[in-house]
Amino acid sequence: MGIRGTTLSHHVATRRSARLDSSDLSLILERIEHVAKRISGALAHSSLGDDLGYTGETNVQGEQTKKLDRWTNEVFLDAFAHHHPVCSLVSEEMEEALHLNPECRAPSYAILFDPLDGSSNTDVNGSLGTIFSIRKRTGVHSSEVADILQPGTEQVAAGYILYGPGTQLVYTAGAGVDIFTLDHRRGAFMLWREGIKMPPRGAAYAVNQGNFVKFHPNARKFIEHLTSRKDKTTSYALRYTGAFAADFHRCLLEGGLYLYPGEATPAGQTKGKLRLLYELAPMAMIAEQAGGKASNGKGRIMEVLPGSLHDRQPIYIGSAAEVELAEQMKVEG
Ligand code: AHG
Ligand code: MN
Ligand code: MN
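Since this is a predicted model, take the numbers as computed values, not measurements.

Observations concerning the overall build of the protein
Item 1. Helix and strand counts for the protein stand at 7 helices and 19 strands.
Item 2. For a compact globule of 333 residues, the expected C-alpha radius of gyration is about 20 Å, and the protein comes in at 19 Å, within 12% of that figure.
Item 3. In terms of overall dimensions, the protein has a C-alpha envelope of 55 × 45 × 45 Å along the principal axes.
Item 4. For the protein, buried positions account for 54% of its 333 residues.
Item 5. At a minimum sequence separation of 6, the contacts of the protein that also span at least 24 residues come to 66%.
Item 6. As displayed, the protein has an accessible area near 14200 Å², and 48% of this comes from carbon and sulfur atoms.

A closer look at empty space enclosed by the protein
Item 1. A complete count under the given rule lists 1 cavity of 30 Å³ or more for this structure.
Item 2. The calculated volume of the largest cavity comes to roughly 40 Å³.
Item 3. Around the largest cavity sit Ala204, Tyr205, Ala206, Arg239, Arg250, Cys251, Gly255 and Leu257, which together line it.
Item 4. Those elements that place two or more of their residues in the lining of the largest cavity are strand E11 (204-206) and helix H5 (244-254).
Item 5. Of the residues belonging to the lining of the largest cavity, the class tally is 5 nonpolar, 1 polar and 2 charged.

Description of the layout of surface pockets
Item 1. Here the largest pocket is characterised by a volume of approximately 440 Å³.
Item 2. Along its surface, the largest pocket is lined by 26 residues, and Glu63, Gly118, Ser119, Ser120 and Lys273 are the ones closest to its centre.
Item 3. Taken domain by domain, the makeup of the lining of the largest pocket includes at least three residues from each of domain 1 (8-193) and domain 2 (204-328).
Item 4. Quantified by volume, the second largest pocket comes out at close to 370 Å³.

Re the sheet that holds strand E3 (residues 86-91)
Item 1. If you trace the 8 strands from one edge of the open sheet to the other, you get E4-E3-E5-E6-E7-E8-E9-E10, paired in mixed fashion. On the outer flanks of this sheet lie strand E4 (98-99) and strand E10 (188-193), each paired with one strand and no other.
Item 2. Sheet topology note: the strand E8 (residues 167-172)/strand E9 (residues 177-183) ladder contains 5 bridges and is antiparallel. When the sheet's bridge partners are listed, Tyr171 is paired in E9 with Asp178.
Item 3. Against the sheet, helix H2 (residues 22-45) touches E3, strand E5 (109-117), strand E6 (128-136), strand E7 (155-163), E8, E9 and E10, its axis set at about 20° to E7.

Some remarks on the coordination of the manganese ion (ligand 3)
Item 1. Each protein donor to the manganese ion (ligand 3) is listed here as Glu92 (OE), Asp114 (OD) and Leu116 (O); together their distances run 2.1 to 2.3 Å.
Item 2. Read N to C, the donor residues that coordinate the manganese ion (ligand 3) are spaced as E-x21-D-x1-L.

What to know about the domain arrangement of the protein
Item 1. Along its sequence, the protein is organised into domain 1 (8-193) and domain 2 (204-328).
Item 2. The gap between the C-alpha centroids of domain 1 and domain 2 is 23 Å.
Item 3. Counting the surface lost from both domain 1 and domain 2, the interface buries some 3000 Å², and carbon and sulfur atoms represent 66% of this.
Item 4. The interface formed by domain 1 and domain 2 contains 2 salt bridges.
Item 5. Of the charged contacts in the structure, one is a salt bridge between Glu63 and Arg275, with a shortest N-O distance of 3.4 Å.
Item 6. Put simply, domain 1 and domain 2 have 16 residue pairs in polar contact (both at pLDDT 80 or more) between them.
Item 7. Of all the secondary structure elements, the ones that give two or more residues to the side of domain 1 that touches domain 2 are E3, E5, E6, E7, E8, E9 and E10.
Item 8. Looking at the side of domain 1 that touches domain 2 element by element, the count peaks at 8 residues for E7.
Item 9. For the side of domain 1 that touches domain 2, a count of residues per class yields 24 nonpolar, 17 polar and 9 charged.

So, the sheet that holds strand E13 (residues 257-260)
Item 1. Pairing in this open sheet of 5 strands is mixed, and the strands run E12-E11-E13-E19-E17 from one edge to the other. In the strand order of this sheet, the two ends are held by strand E12 (237-238) and strand E17 (293-295), each with one partner.
Item 2. In terms of strand pairing, E17 meets strand E19 (residues 315-318) through 3 bridges, oriented antiparallel. Its bridge partner lying in E19, Ala294 is registered against Ile317.
Item 3. Across the sheet, helix H4 (residues 217-226) lies against E11, E13 and E19, angled at about 150° from E13, the strand it touches most.
Item 4. Here helix H7 (residues 320-328) sits on the sheet and contacts E13, E17 and E19; the angle it forms with E17, its principal contact strand, is near 25°.

A few points about the site of ligand 1
Item 1. Around ligand 1, the structure places 18 residues, and the nearest of them are Asp117, Gly118, Tyr240, Tyr258 and Tyr260.
Item 2. Between ligand 1 and Tyr240, the relevant distance is 2.5 Å, taken from an oxygen atom to a side-chain nitrogen or oxygen of the residue.
Item 3. Computed on the free molecule, ligand 1 has an accessible area of 470 Å², of which 86% lies beneath the protein chains in the complex.
Item 4. In this structure the site holding ligand 1 corresponds to the largest pocket.
Item 5. Sorting the residues of the shell around ligand 1 by element identifies E5, E13 and strand E16 (274-275) as the ones contributing at least two each.
Item 6. Counting the residues that make up the shell around ligand 1, at least three belong to each of domain 1 (8-193) and domain 2 (204-328).

Cut-offs applied
Residues numbered from 1 in each chain as written. Chains lettered and ligands numbered in written order. Predicted model: local features only at pLDDT ≥ 70, side-chain atom pairs only at ≥ 80, totals over all residues. Heavy atoms only, no water. Helix = DSSP H or I, 4+ residues; strand = E, 2+ residues; numbered from the N terminus. Rg over C-alpha atoms; globule rule 2.2 N^0.38 Å. Buried < 20%, exposed > 50% of the residue type's maximum accessible area, 1.4 Å probe, protein only. Contact = heavy atoms within 4.5 Å. Areas by Shrake-Rupley, 256 points an atom, 1.4 Å probe, with all protein chains shown as cover. 1 Å grid on protein atoms, 1.4 Å probe; cavity = no way out; pocket = protein on both sides within 12 Å on 5 of 7 lines; lining within 4 Å. Points joined across faces, edges and corners; volume = space filled by probe spheres on them. Nonpolar A, V, L, I, M, F, W, Y, C, P; charged D, E, K, R; others polar. Domains from an automatic or database assignment. Pairing = 2+ DSSP bridges. Axes fitted to C-alpha atoms, helices over the stretch in contact; angles between N-to-C directions. Donors = N, O, S within 2.8 Å, 3.2 Å for Na, K, Ca; no water. Buried area = accessible area lost by both parts, 1.4 Å probe. Salt bridge = Lys/Arg side-chain N within 4 Å of Asp/Glu carboxyl O. Polar contact = N/O pair within 3.5 Å; in protein donor to acceptor, adjacent residues only side chain to side chain. Near = heavy atom within 4 Å. Sits in = over half its atoms within 2 Å of the grid points.

As structure tokens, then:
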């Protein structure tokens, strides 16, 4: 079968996966594919029904929840309700981990996910995403989450779905990064590109520039450097969609940097916005597998030990050149 005719399920079943049993990976990605198709279909029609706007509630982050945040979370819960080998779910939209089967034995996995990324874009027909991380649980485990609260280096697979003009699914299982496009006519994700290599340097950066005055002075100097227009390496374009998955996708394909710097707190420290376990660690695994880098400004995101399920970190992710420069300029002090 030529590359153009390769489905995601065929690809997963026949390619090497470095970090987990390929039959387990097939089972899990089949469920994620199901989630992606349901969400993609619903988003395309969301303005025709009563699906837009807020629920009136706030989530564990204290953020106002959109109806689509809640619904996409339920799609995940439905998809994994009865499916071995996944026994634990951790979501941006749930304060605690959900243990589907606390008694289960190895091999079993936890899926950590952001069911709808970029939800400020729901009501304006903007790009949205879903981000997921797969971790293997310890041999015999309880409903404790100590084995999940580990650095990103412990992830066995990670990926995201981008709902743009087309729907694409990007994943890595530790043996490179592959991208699939949803073919609505066939009802399947078809391989688009495999073994993605992120360009070593890019020409665009993505940041919420409106927060500029809240950034560490060194992060401000770094952004001023990128836009000082002395030569090619200081003449970046700004591209920001408000959806991490969409902005990261541009970096993955064309190089460049996504950053969400920490904001200064009264105690003189900086605080990140994006969540380590289900936004940053999975994207960092993809970036590294594609030859890029991901840092919290001081060191490798993949090595940061989470203190809790919803921990946040500053992020500088994308091409190696820009991430290394950010660290050299001590953007987070
Ligand atoms: P989410 O919709 O899952 O809460 O994520 C939003 C994230 C990320 O996708 C995006 O890049 C960033 O927050 C946008 O934040 P600002 O609105 O502060 O720019
Ligand atoms: Mn998000
Ligand atoms: Mn979200």
